[in-house]
Amino acid sequence: MLRKIISLFCFLITAVTIAQVGGETTYRFLNLVSSPRQAALGGKVLTNIDYDVTQGLFNPATINVEMDNQLAVNYSSYLGGISYGTAAYAYTLDRRTQTFHGGITYVNYGSFDGYDENGNATGSFSGNETALSLGYATQIGYSDFYFGGNLKLISSKLEQYNSLGAAADLGLIYINKDIDFNATVVVRNLGSQITTYADLNEPLPFEVAFGMSQLLQNVPIRWHVTLENLQQWPIARPNPARNTSDLSGNQSSERIGFLGQVIRHTILGAEIFPEGGFNIRLGYNFRRGEELRIVDQRNFSGLSAGISIKMNKMRFSYTHAKYTSAANSNFFGLQIDLQ
């Protein structure tokens with residue numbers, strides 16, 4: 001059974017060979033950060049196996065019985081006045097059936113002033129997108145491997161244009177309880193549009209990601225390493241703003257070597273007191289840091305930090321993520337134990 005699951009993953013990864021990054025796909029909101037915890041750990045963490053019910057939105061293989069009757073609501077005032085939020089809930093029918101997971105991601109792009117090609121006002125318009133998901137995970141035999149999947153229904157409305165889509169997430173995770181080590185491979189947003197905006201079919205933001213994490217012995221720290229967008233190589237493009245000129249006025253474009261490409265796939269995170277009622281979270285997203293870096297100016301792009309506080313059956317989370325000197329994001333989350 002495990003061999004069949006791994007073969008399926010290899011097929012899915014090789015079946016999609018076209019690189020997909022920002023600006024080249026539709027429904028990009030599917031890759032937005034789903035919770036303050038995720039935002040604090042660099043924006044993409046895949047290996048948390050605990051109470052965090054929102055984790056199931058990004059990696060269905062992490063759905064587990066500790067999420068039973070947990071309800072999470074998260075909100076962010078994002079860049080450019082965009083606001084979005086997520087909600088997740090899980091319910092365990094019994095230990096054998098495992099746990100079912102449901103979630104929603106909603107984005108509101110705000111109000112815009114519309115104009116025609118001649119500059120005449122056409123009135124205001126808005127845009128919003130929503131994704132509903134249903135997930136399930138199961139242990140593979142008596143092994144340390146767990147397999148999970150999410151099915152997602154996607155709705156998008158941008159001015160007078162509407163689109164409907166469907167997608168799936170697949171996750172395979174290895175859990176070693178003896179050394180508190182987790183490793184996972186996730187295939188996300190595997191699907192297509194059902195109806196298009198204007199008779200033009202666009203691809204979804206397909207992604208393959210790999211993650212590892214471990215709770216250190218005798219030290220209350222769990223480290224996280226995530227390798228994102230593994231379906232594309234190279235991922236970095238030269239930035240024209242970083243062109244250099246010699247004394248003769250000849251311009252040279254930015255050079256990005258092999259190590260630079262590897263780094264841009266990497267996200268690092270650390271959680272202090274991960275199993276406690278109060279914990280601190282830190283992360284660094286190398287790709288965000290490099291793409292938003294300003295020459296000769298230190299703006300700490302890519303850094304993120306957050307906290308979590310548990311009070312009785314409620315857990316409050318907050319994260320501040322640095323993008324540029326002029327744009328930062330704050331993430332708020334509340335998880336309630338309904339048992």
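No experiment lies behind these values; they were computed from the predicted model shown. (Residues numbered from 1 in each chain as written. Predicted model: local features only at pLDDT ≥ 70, side-chain atom pairs only at ≥ 80, totals over all residues. Heavy atoms only, no water.)

A separate point is the pattern of salt bridges. Pairs can form between side chains of opposite charge whenever their charged atoms are close. For the structure on display, the rule yields ten salt bridges. Aspartate 50 is the salt-bridge partner of arginine 37, the closest N and O atoms lying 2.9 Å from each other. Residue arginine 37 is located in helix H2 (residues 36–40), and its partner aspartate 50 is located in the loop between H2 and strand E1 (70–77); the two are separated by 13 residues in the primary sequence. Judged on exposure class, the residue arginine 37 and its partner aspartate 50 are both buried. Overlapping salt bridges bring together Arg37, Asp50, Asp52, Glu271 and Arg281 as one network. (Salt bridge = Lys/Arg side-chain N within 4 Å of Asp/Glu carboxyl O. Helix = DSSP H or I, 4+ residues; strand = E, 2+ residues; numbered from the N terminus. Buried < 20%, exposed > 50% of the residue type's maximum accessible area, 1.4 Å probe, protein only.)

For strand E5 (residues 145–158) and strand E6 (residues 161–176), the ladder comprises 14 bridges, and the chain directions are antiparallel. Within E6, the position partnered with phenylalanine 145 by the bridge is tyrosine 174. With antiparallel pairing between neighbouring strands as the criterion, E5 and E6 make up a hairpin whose turn holds two residues, including glutamate 159 at a positive phi of roughly 60°. The turn linking E6 back onto strand E7 (residues 181–195) is made up of four residues, and aspartate 180 within it adopts a positive phi angle of 55°. (Pairing = 2+ DSSP bridges.)

With that out of the way, let us pick up empty space enclosed by the protein. All chains considered together, the criterion is met by three cavities of 30 Å³ or more. By volume, the largest cavity amounts to about 120 Å³. Phe29, Leu30, Leu32, Ser34, Leu57, Phe58, Thr86, Thr105, Ala131, Ser133, Lys152 and Arg188 together form the lining of the largest cavity. Classifying every residue of the lining of the largest cavity gives six nonpolar, four polar and two charged. Taken as a whole, the second largest cavity encloses approximately 100 Å³ of empty space. Secondary structure elements with two or more residues in the lining of the second largest cavity: H2, E1, strand E15 (314–324) and strand E16 (327–337). Among the elements that make up the lining of the second largest cavity, the one with the highest residue count is E16 (three residues). The residue inventory of the lining of the second largest cavity, partitioned by class, reads four nonpolar, six polar and four charged. (1 Å grid on protein atoms, 1.4 Å probe; cavity = no way out; pocket = protein on both sides within 12 Å on 5 of 7 lines; lining within 4 Å. Points joined across faces, edges and corners; volume = space filled by probe spheres on them. Nonpolar A, V, L, I, M, F, W, Y, C, P; charged D, E, K, R; others polar.)

Limitation: the analysis is restricted to geometry and does not speak to function.
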